[in-house]
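# Close look at the chain arrangement
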Amino acid sequence: MFESIFLVFLGLGTLVGVVVVAYTLYNAYKYRDAGEPKDDESLPTLGELPTGGKGGKKLFLSFGISAVIVISLVVWTYGMLLYVEDPEDEFDEEPVEIEVVGDGFAWHFEYENGVQATNTMNVPADQPVAIEVTSGDVWHSFGISDLRVKADAIPGEYDETWFMAEEAGEEHRIECFELCGDGHSAMDGTAEVMEQDQFHDWLDSQLALDVTLETEDEEAVTNVTDEFDVELVHVEDGTEYTFDGADFDEEGTLALDEELEQGGEFELTITFEDTVTYEDEETDTIEDTISVTGPSSETYTIDLDAADDNDENDDAETDEGGDDE
Ligand SMILES: [Cu+2]
């Protein structure tokens, strides 16, 4: 749209320019000083006011054409801009929503599923991308010249706009267009355009968490015992996920790559049936707050010997587990 507005303005501007310059040159030639005045020319003498003639018609014609051109441009451009401002009903497809925050001379992006990225914004091709722009510190201005998108980033305000990238595989430069401080000129990033399927797969794959439990000798805890439960609770929406030792693989890792629906902060609780030593404390629970805004992994090193010291039966069980391995 901005491209067609630009082309129409360029075309009409060029046309008007050519007409004006050509007409000027034509008149300069026609009324050039040829030496002697011709007989039929009624030149005003000194002190006489010119009475005018067809000039009024020309003036009216010139004003008339200008007015028609200018008014139609205003109406047409305004209509186009209204569509850009409020396209809600016109989107064929649900837009991908991304929150953009300018902060510390960098651009931070957050997708609907809680995935976050800095300075690299992955977007799908041929699907509208709706952005909500704000700032965490001072005034910035988010812009991608190639895609004709620009929005102010102001602390406490949310500026909304949208764009659509056409070619998958292309990269477009993101820049800050508001002089914001000494890091301003380096405040740039890249918008990477992906095929739609690829983009949505990528977005889902970003929401991954590996929880690894190992012993002090870096051995998988699951080789020794699987007598424990894992609970993950999403802090914001309260969604609960529960797993147990059997969900861990041979390396002692619980790999969650499709289970989580929304990224963000999680409260992680691992409850052991026996007492273990974690961070030099005897305990049967490990509690932690973890943040999943991209592929994440957490490793907890525990000492199972505490269980041996506590209970004879547990001792036997643990040893058994050890023998299996
Ligand atoms: Cu800046």
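## Observations concerning the overall build of the protein
When helices and strands are counted, the protein shows five helices and 17 strands. Across the protein, contacts joining residues at least 24 apart in sequence account for 65% of those joining residues at least 6 apart.

## Notes on the nonpolar core
Of all hydrophobic cores here, the largest spans 24 residues; its most connected members are Ile98, Val100, Val123, Val129, Ile131 and Ala191. Within the residue set of this core, elements represented by two or more residues are strand E1 (96-103), strand E2 (106-111), strand E4 (120-124), strand E5 (129-135), strand E6 (140-144), strand E7 (149-153), strand E8 (159-163) and strand E10 (189-194). The greatest single-element share of this core, amounting to four residues, is contributed by E1. Other than its neighbours up to four places away in sequence, Val100 contacts Trp107, Phe109, Ile131, Glu132, Val133 and Phe142. Formed by 21 residues, the second largest nonpolar core is a distinct cluster that contains Val224, Leu232, Leu260 and Val276.

## A few points about the pairing of strand E16 (residues 281-292)
Residues in a regular strand point their side chains to alternate faces of the sheet. Sheet topology places strand E15 (residues 264-278) next to E16; eleven bridges connect them, and they run antiparallel. Bridging from a neighbouring strand, Phe266 pairs with Ile290 of E16. Count of turn residues in the E15/E16 antiparallel hairpin: two residues, of which Glu279 carries a positive phi of about 50°.

## Regarding the environment of Val123
For Val123, the position within the fold is in strand E4. A sequence separation of 72 residues divides Val123 from Glu195, and the C-alpha atoms of the two residues are 8.5 Å apart. Filtering out sequence-adjacent residues up to four positions away, Val123 remains in contact with Val96, Val129, Ala165, Ala191, Val193 and Phe199.

## Here's the deal with the confidence of the model for the protein
Low-pLDDT portions of the prediction should not be read for the details of their coordinates. Considering every residue of the protein, the mean pLDDT works out to 87; 89% of them sit at 70 or more. Note that pLDDT drops below 50 for residues 309-325; the model gives that stretch 16 contacts with residues more than four away or on any other chain.

## Focus: the sheet that holds E10
The strand order E4-E10-E9-E6-E7 describes an open sheet built from five strands, whose pairing is mixed. Taken across any chain shown, the strands that pair with only one partner, and hence form the sheet edges, are E4 and E7. Going across the sheet, the axis of each strand differs from the next one's by a mean of 20°, ignoring polarity. In the sheet, strand E9 (residues 171-176) pairs with E10 via four bridges, with the strands oriented antiparallel. In the strand pairing of E10, Ile174 is matched with Gly189. Of the strands in this sheet, E4 and E10 touch helix H3 (residues 196-205), which is tilted by about 130° from E4.

## A word on the pairing of E1
Note that E1 and E5 share seven bridges and pair parallel. Within E5, the residue paired with Gly102 across the bridge is Ser135. Pairing analysis gives six bridges linking E1 to E2, with the strands arranged antiparallel. Opposite Asp103, over in E2, you have Ala106 as the bridge partner.

## Quick look at the sheet that holds E8
Within a sheet, each strand pairs with its neighbour through backbone hydrogen bonds, oriented either parallel or antiparallel. Ordered in space as E3-E2-E1-E5-E8, the five strands form an open sheet in which the pairing is mixed. Since the sheet does not close on itself, it has two edges, and those belong to strand E3 (116-118) and E8, each with one partner. Going from strand to strand, the sheet's axes swing by 25° on average, the running direction of each strand aside.

## As for unusual backbone geometry
Backbone geometry places Phe105, a non-glycine residue, at a positive phi of 60°. Note on placement: Phe105 falls in the loop between E1 and E2. Exposure remark for Phe105: the 18 C-beta atoms within 10 Å place this residue in the partly exposed category. Even without glycine at this site, Glu279 takes up a positive phi of about 50°. Of note, Glu279 is situated in the loop between E15 and E16. For Glu279, a count of 10 C-beta atoms within 10 Å translates into the label exposed.

Calculation rules
- Residues numbered from 1 in each chain as written.
- Predicted model: local features only at pLDDT ≥ 70, side-chain atom pairs only at ≥ 80, totals over all residues.
- Helix = DSSP H or I, 4+ residues; strand = E, 2+ residues; numbered from the N terminus.
- Contact = placed C-beta atoms within 7 Å.
- Core = buried A, V, L, I, M, F, W, Y, C linked by C-beta atoms within 7 Å.
- Buried ≥ 20, exposed ≤ 12 C-beta atoms within 10 Å, placed from the backbone.
- Pairing = 2+ DSSP bridges.
- pLDDT = per-residue confidence, 0-100.
- Axes fitted to C-alpha atoms, helices over the stretch in contact; angles between N-to-C directions.

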